[in-house]
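Reading the structure
Spelled out, the chains give:
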Amino acid sequence: MRIYFDHNATTPVDPGVVEIIARTLAEDFGNPSSVHHFGQRAKGLLDDARSAVAALIGGEPSEVVFTSGGTEADNFALRGAAEGVEPTGRRHLISTTIEHEAVLTTLKALGRRGWRTTLLPVDASGIVTPDALREALTDETALVSVMHANNEIGTIQPIAALAQLAHARGAVFHTDAVQSVAKIPVDVHALGVDLLSLSAHKFYGPKGAGALWIKRGTRVSAILTGGKHERNRRAGTENVPAVAGFGMAAQLGGKKLGAEAARLATMRDRLEDAVIARVRGTAVNGAREPRVPNTSNISFEGIEAESLLIALDLEGIAVSTGSACSSGTLEPSHVLRAMGLPTHRTQNSIRISLGAASTDAEVDYFLEKLPTVVGKLRSVTGARR
Ligand code: PLP
């Protein structure tokens, strides 16, 4: 049995998405910037995808700029908005300690170029409080970037309240919604944001396709310069097959969202409750609510996350860990550390992320194997079971 419980890393591509990508690759090779028939067919595919992506997040098609994925969308939002507001003299950026590396590393790069950056703390449940943002905002603040749902623990931030505070001080608001889109309802107007990043491969679309939604009127400079693609906002011939697949994934994701969210939440909660009941020395990391329905992050006393990941993989179960092994030492998860968890818990936690193909039978198999795997690892390290 092979079980995939790592849907926050990436998802299997939906057969409907595979079909449109294959068809587009085989039949619609035209350059969407060409005026002839072949070009216009390709442009039609981009238009359809743009409408589907816009509909999924409640925006206008003209506000969607296709990118090579979530990382580029985050870079575009941060670097583009920073450059866009430069003439106003504002030189301060605010984000949080639990963002994805696509945001954190980009902020560091901007910091080296003279931007002052503030990273807001999170509380023990992994939530950023509006008070923390209120305190950090100044009349110098150009941009606030707070992720919608966290990739490691799944907690959902109070984006609407945070965006309102940022706007009151004249700052632009960006959210990285890569882990929330198509898992929970995401509406750019309800959230009140100016910029929103999303990525196709997190909801059964292809890798290497994503978008930045840019609210009409928001000043964002292009970071990829060249031709006049994407209304002058992102140069480079569009990856038409991948974008067509992205559009199909958006369409399917929107249709399935409600029922799938309820199914996954029920399954995830059952898994979590059973792990806590059956395996001693376990705890769920982060607030249980509000959280995306597919994600669980659990710590296991006396175990290194990496060892548990490998042992579960040997049993055919794929999970992941926020802590990474680099040069022989286990790096703690920056998210769990930011939540103030003790060092051992930042290194003994695994992420289980369910998805469309996950079944109750898979959860049962996981629950059957887990206690033995944990017991074996603990007996090696001498920890109690
Ligand atoms: N932002 C978040 C929250 C993510 O989880 C990821 C991917 O793991 C990204 C950004 C990057 O997206 P992509 O893999 O499309 O570059």
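Once a new chain begins, its residue numbering starts again from 1 and follows that chain's sequence as written. With the structure being a predicted model, the display of local features is reserved for residues of pLDDT at least 70 and the display and counting of side-chain atom pairs for 80 or more, all residues being used for whole-chain, interface and lining totals. Heavy atoms from the whole structure form the basis of all side-chain values; hydrogens and water molecules are not counted.

**Concerning the site of the ligand**
Residues are classed as near a molecule or strand on a simple rule: at least one heavy atom within 4 Å of it. Around the ligand sit 13 residues, and of these Gly-70, Thr-71, Asp-176, Ser-199 and Lys-202 come closest. Residues adjacent in sequence count toward polar contacts only when both atoms are side-chain atoms; beyond that, a polar contact is any pair of N or O atoms within 3.5 Å, and within protein one must be able to donate a hydrogen and the other to accept it. Asp-176 is positioned such that a nitrogen or oxygen atom in its side chain is 2.6 Å from a nitrogen atom of the ligand. Here, Shrake-Rupley sampling with a 1.4 Å probe gives the accessible areas, and only protein chains in the shown set may cover a residue. Contact with the protein chains hides 86% of the accessible area of the ligand, taken as 390 Å² for the molecule alone. Broken down by element, the shell around the ligand gets its largest block of residues, three residues, from helix H3 (residues 70-85). A class-by-class count of the residues in the shell around the ligand yields two nonpolar, eight polar and three charged. Runs of H or I in DSSP of at least four residues are treated as helices and runs of E of at least two as strands, each being numbered from the N terminus. Each residue gets one label: Ala, Val, Leu, Ile, Met, Phe, Trp, Tyr, Cys and Pro are nonpolar, Asp, Glu, Lys and Arg are charged, and the others, such as Gly, are polar.

**Some points on the sheet that holds strand S8 (residues 210-214)**
Strand order across the open sheet formed by seven strands is S2-S8-S7-S6-S5-S3-S4, with mixed pairing between neighbours. At either margin of the open sheet sits one strand with a lone partner, and together these are strand S2 (64-67) and strand S4 (116-120). Within the sheet, the average angular offset between the axes of one strand and its neighbour, ignoring direction, is 20°. Any two strands between which DSSP finds at least two bridges are classified as paired. Bridge count for strand S3 (residues 92-96) against S4 is five bridges, and the pairing is parallel. Directly across from Ser-95, in S4, lies its bridge partner Leu-119. Contacts are assigned to residue pairs that have any heavy atoms within 4.5 Å of one another. Axes here refer to lines fitted to C-alpha atoms; in helices the fit is confined to the stretch in contact. Angles between the N-to-C directions go from 0 to 180 degrees. Against the sheet, helix H2 (residues 37-57) engages S2, strand S7 (195-199) and S8, with an angle of about 110° to S2.

**Some points on the packing of helix H9 (residues 240-278) against helix H13 (residues 360-381)**
Relative orientation of the contacting elements H9 and H13 amounts to 15°, with a least axis distance of 10 Å. Between H9 and H13, the interaxial angle falls into the category roughly parallel. Seen from above, H9 lies across H13 with right-handed handedness. Contacts between H9 and H13 involve Met-267, Arg-270, Leu-271, Ala-274, Val-275 and Arg-278 from the first element and Asp-360, Val-363, Asp-364, Phe-366, Leu-367 and Leu-370 from the second. Within the contact of H9 with H13, the residues separate by chemical class into eight nonpolar, no polar and four charged. Geometric relationships in this document are graded by angle, where less than 35 degrees denotes roughly parallel, more than 145 denotes roughly antiparallel, 65 to 115 denotes roughly perpendicular, and other angles denote oblique. Crossings are classed by handedness, with left-handed meaning an anticlockwise turn of the near helix from the far one by less than a right angle and right-handed meaning a clockwise turn.

**Brief notes about the nonpolar core**
Counting residues in hydrophobic clusters, the biggest one holds 61 residues, and the most contacted among them are Val-144, Phe-173, Val-181, Leu-196, Leu-198, Phe-203 and Phe-246. It is H2 that provides the largest number of residues to this core, a total of nine residues. Taken together, domain 1 (3-9 + 257-381) and domain 2 (15-252) each give at least three residues to this core, which thus spans both. For Leu-196, the contacting residues outside a window of four places in its chain are Ile-57, His-174, Thr-175, Ala-177, Val-181, Val-186, Val-188, Leu-191, Ala-211, Leu-212 and Trp-213. Buried residues of nine kinds, namely Ala, Val, Leu, Ile, Met, Phe, Trp, Tyr and Cys, make up a nonpolar core once their side-chain atoms join them within 4.5 Å. Categorising residues by exposure relies on relative accessible area from a 1.4 Å probe, with only protein chains included: less than 20% of the type maximum marks a residue as buried, more than 50% marks it as exposed, and the intermediate range marks it as partly exposed. Core analysis: the second largest hydrophobic core is formed by 28 residues, Ile-3, Leu-312, Leu-354 and Tyr-365 among them. Annotation comment: domain bounds sourced from an automatic or database domain assignment.

**Quick notes on the sheet that holds strand S10 (residues 295-300)**
Pairing is antiparallel in the open sheet, where three strands are placed in the order S9-S10-S14. The sheet is open, and its two borders are formed by strand S9 (282-284) and strand S14 (349-353), each paired with just one other strand. Strand-to-strand twist across the sheet, computed as the mean angle between neighbouring axes with direction ignored, equals 25°. Both S9 and S10 contribute to a ladder of three bridges, which runs antiparallel. When the bridges of S10 are listed, Ala-283 appears paired with Ser-299. Against the sheet, H9 engages S9, S10 and S14, with an angle of about 10° to S10.

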